[in-house]
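# Residue-level structural notes
Here is what each chain is made of, one letter per residue.
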Amino acid sequence: AVQLIGKHFNCPVFDSGRSLDLLSMPAASQQGRFSHTDHGKSGRAFEKYKCRYLPGRLPPEHKCDHWAGREAVRKRPGMYIGSVSTKGLNHLIYEIVDNSVDEHLAGYCDTIKVTLEADGSATVEDNGRGIPVGMHEKGISAERLVFTTLHAGGKFDNSAYKTSGGLHGVGSSVVNALSTKLTVRVKSGGFIYEDRYERGIPVMDLVDGLLPVVGKTRETGTTINFLPDDTIFDKTRFKEDDVKSRLHETAYLTPKLTIIFEDKRKEEPEKVTYHEPEGIIGFIKDMNHSKETVH
Ligand code: TSJ
């Protein structure tokens with residue numbers, strides 16, 4: 001069973017009893033829909049019937065940051081990712097990639113790989129230090145806190161925070177809450193660790209509060225795979241051209257970084273590598289070149 005320490009006891013996100021109960025329910029009833037054969041689109045059924053998860057199980061005074069954060073994001077996704085259109089969908093990828101870019105800016109990662117998988121999910125992999133997997137002072141793996149804690153000062157609910165002052169890295173819990181499945185793989189200290197979530201709820205049993213080891217490696221890095229929730233988004237097909245141009249722009253802004261894009265959804269998988277050692281100078285040059293070809 002999930003190891004519970006301190007304030008996580010009785011928390012529906014971390015308490016094994018409650019979370020397992022919840023997870024054994026059909027996904028639709030978790031969201032308050034009346035039957036899991038009723039596939040209301042884009043979460044409208046969810047909006048209509050509001051949150052009837054765990055009916056009668058959560059005392060009104062129950063306070064759980066993780067649970068409240070997950071509910072807040074799923075209730076008003078637009079507040080966190082801008083919209084539930086294709087634009088918001090693509091934004092999920094950028095939120096995850098930004099974390100790897102931060103790791104690069106910190107000086108520990110030179111390659112990021114973004115893959116649009118055949119099953120509709122997206123994978124982001126970097127060769128940084130790996131998200132810390134050790135025990136956080138709150139009695140839980142640091143990685144779990146990254147993916148379940150809604151960090152304050154979101155971009156879309158407070159324009160005052162829309163600066164370049166390092167607001168990256170706060171979107172991982174948002175992406176998690178809006179994904180039917182999310183898998184985390186961390187390579188560090190000789191081991192490969194894995195964690196899994198479904199709609200933001202952890203589904204892996206921890207071992208003494210820590211992530212299970214699934215293998216050994218001499219490499220380091222972080223890999224995230226996630227499948228956007230089709231009850232939240234209008235459409236769940238990432239737009240490859242938008243993703244590619246955003247990744248290319250990111251490459252111009254980080255001249256020492258290499259970003260590999262791969263689209264495995266096509267019969268003939270597409271692979272593009274973005275590396276722009278000239279930085280924004282190169283951006284302007286390429287802008288002018290593309291202008292010339294137009295005229
Ligand atoms: F946020 C995220 F979880 F979504 C995510 C984080 C996704 C991806 C693809 C990569 C990452 C990520 C995080 N890559 N690298 C890191 N690094 C850290 O979080 C890290 C590692 C070590 C230390 C340290 O002080 O030793 C500190 C940090 C923040």
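Residues numbered from 1 in each chain as written. Predicted model: local features only at pLDDT ≥ 70, side-chain atom pairs only at ≥ 80, totals over all residues. Heavy atoms only, no water.

## Some thoughts on the overall build of the protein
- A count of helices and strands for the protein gives 10 helices and nine strands.
- Burial statistics for the protein: of 295 residues in total, 47% are counted as buried.
- Sequence-distant contacts, at least 24 apart, represent 64% of the contacts inside the protein between residues at least 6 apart.
- When the accessible surface of the protein is split by element, carbon and sulfur atoms take 53% of a total near 15000 Å². (Helix = DSSP H or I, 4+ residues; strand = E, 2+ residues; numbered from the N terminus. Buried < 20%, exposed > 50% of the residue type's maximum accessible area, 1.4 Å probe, protein only. Contact = heavy atoms within 4.5 Å. Areas by Shrake-Rupley, 256 points an atom, 1.4 Å probe, with all protein chains shown as cover.)

## Digging into the site of the ligand
- Around the ligand, 15 residues are found, and the nearest of them are Asn99, Glu103, Asp126, Ile131 and Phe147.
- Note that a nitrogen atom of the ligand is positioned 2.8 Å from one of the side-chain N or O atoms of Glu103.
- Protein coverage of the free-state accessible area of the ligand, which is 610 Å², stands at 73%.
- Counting only elements with at least two residues in the shell around the ligand, the list comes to helix H6 (86–105), strand E2 (122–126), helix H7 (142–148) and strand E7 (221–228).
- Top element by residues in the shell around the ligand is H6. It accounts for four residues.
- Partitioning the shell around the ligand into residue classes produces seven nonpolar, five polar and three charged. (Near = heavy atom within 4 Å. Polar contact = N/O pair within 3.5 Å; in protein donor to acceptor, adjacent residues only side chain to side chain. Nonpolar A, V, L, I, M, F, W, Y, C, P; charged D, E, K, R; others polar.)

## Quick look at the pattern of salt bridges
- Under the counting rule described, the total for this entry stands at 19 salt bridges.
- Ionic pairing is found between Glu103 and Arg129, a salt bridge with its closest N-O pair at 2.8 Å. Here Glu103, found in helix H6, pairs with Arg129, found in the loop between E2 and H7; they are 26 residues apart in sequence, far enough to count as distant.
- Given a relative accessible area of 42%, Arg129 falls into the partly exposed group.
- The partner of Arg185 in a salt bridge is Glu194, and the shortest N-O contact between them spans 2.8 Å. (Salt bridge = Lys/Arg side-chain N within 4 Å of Asp/Glu carboxyl O.)

## So, helix H9 (residues 240–253)
- With 14 residues, H9 should reach 20 Å at 1.5 Å per residue; the first-to-last C-alpha distance of 20 Å fits that figure.
- Of the residues making up H9, those classed as buried are Glu240, Val243, Lys244, Leu247, Thr250, Ala251 and Tyr252. (Expected span 1.5 Å × (residues − 1).)

## Some words on the nonpolar core
- Counting residues in each nonpolar core, the largest one holds 44 residues, and the members touching the most others are Ile93 and Phe226.
- A total of seven residues in this core trace back to one element, the largest contributor, which is H6.
- Among residues more than four places away in sequence, those in contact with Phe226 are Leu92, Ile93, Ile96, Ser121, Ala122, Val175, Ser179, Lys181, Leu182 and Phe238. (Core = buried A, V, L, I, M, F, W, Y, C linked by side-chain atoms within 4.5 Å.)

## Regarding the packing of H6 against H9
- In contact at an axis separation of 11 Å, H6 and H9 are set at 25° when each is read in the N-to-C sense. As far as their axial angle goes, H9 and H6 are roughly parallel. The element H6 and its partner H9 pack so that their crossing is right-handed. Judged by residue contacts, Asn90, Ile93, Tyr94, Val97, Asp98 and Val101 of H6 engage Asp242, Val243, Arg246, Leu247 and Thr250 from H9.
- By residue class, the composition of the contact of H6 with H9 is six nonpolar, two polar and three charged. (Axes fitted to C-alpha atoms, helices over the stretch in contact; angles between N-to-C directions. Parallel < 35°, antiparallel > 145°, perpendicular 65-115°, else oblique. Left-handed = near helix turned anticlockwise from the far one by under 90°.)

## Notes on the pairing of strand E3 (residues 179–188)
- Here E3 lies mainly inside the structure; eight of its 10 residues are buried.
- With eight bridges connecting them, E3 and E7 associate as antiparallel partners. Note on E7: the bridge partner recorded for Lys187 is Gly221.
- Relative to strand E4 (residues 191–198), E3 runs antiparallel, the two being bridged by seven bridges. (Pairing = 2+ DSSP bridges.)

## A short note on the environment of Val175
- Structurally, Val175 can be placed in helix H8 (residues 172–177).
- We classify Val175 as buried; its relative accessible area is 0%.
- Val175 sits 52 residues away from Leu227 along the chain, and the two C-alpha atoms are 9.4 Å apart.
- Discounting residues that sit within four places of it in the chain, Val175 has contacts with Leu92, Glu95, Ile96, Leu182 and Phe226.

## A look at the pairing of strand E1 (residues 111–116)
- In the sheet, E1 pairs with strand E8 (residues 258–263) via six bridges, with the strands oriented parallel. Considered in E8, the bridge of Lys113 is made with Ile260.
- Two strands pair when backbone bridges link them, and E1 and E2 are joined in this way by five bridges, in the antiparallel orientation. Among the inter-strand pairings, Lys113 is bridged to a residue of E2, identified as Glu125.

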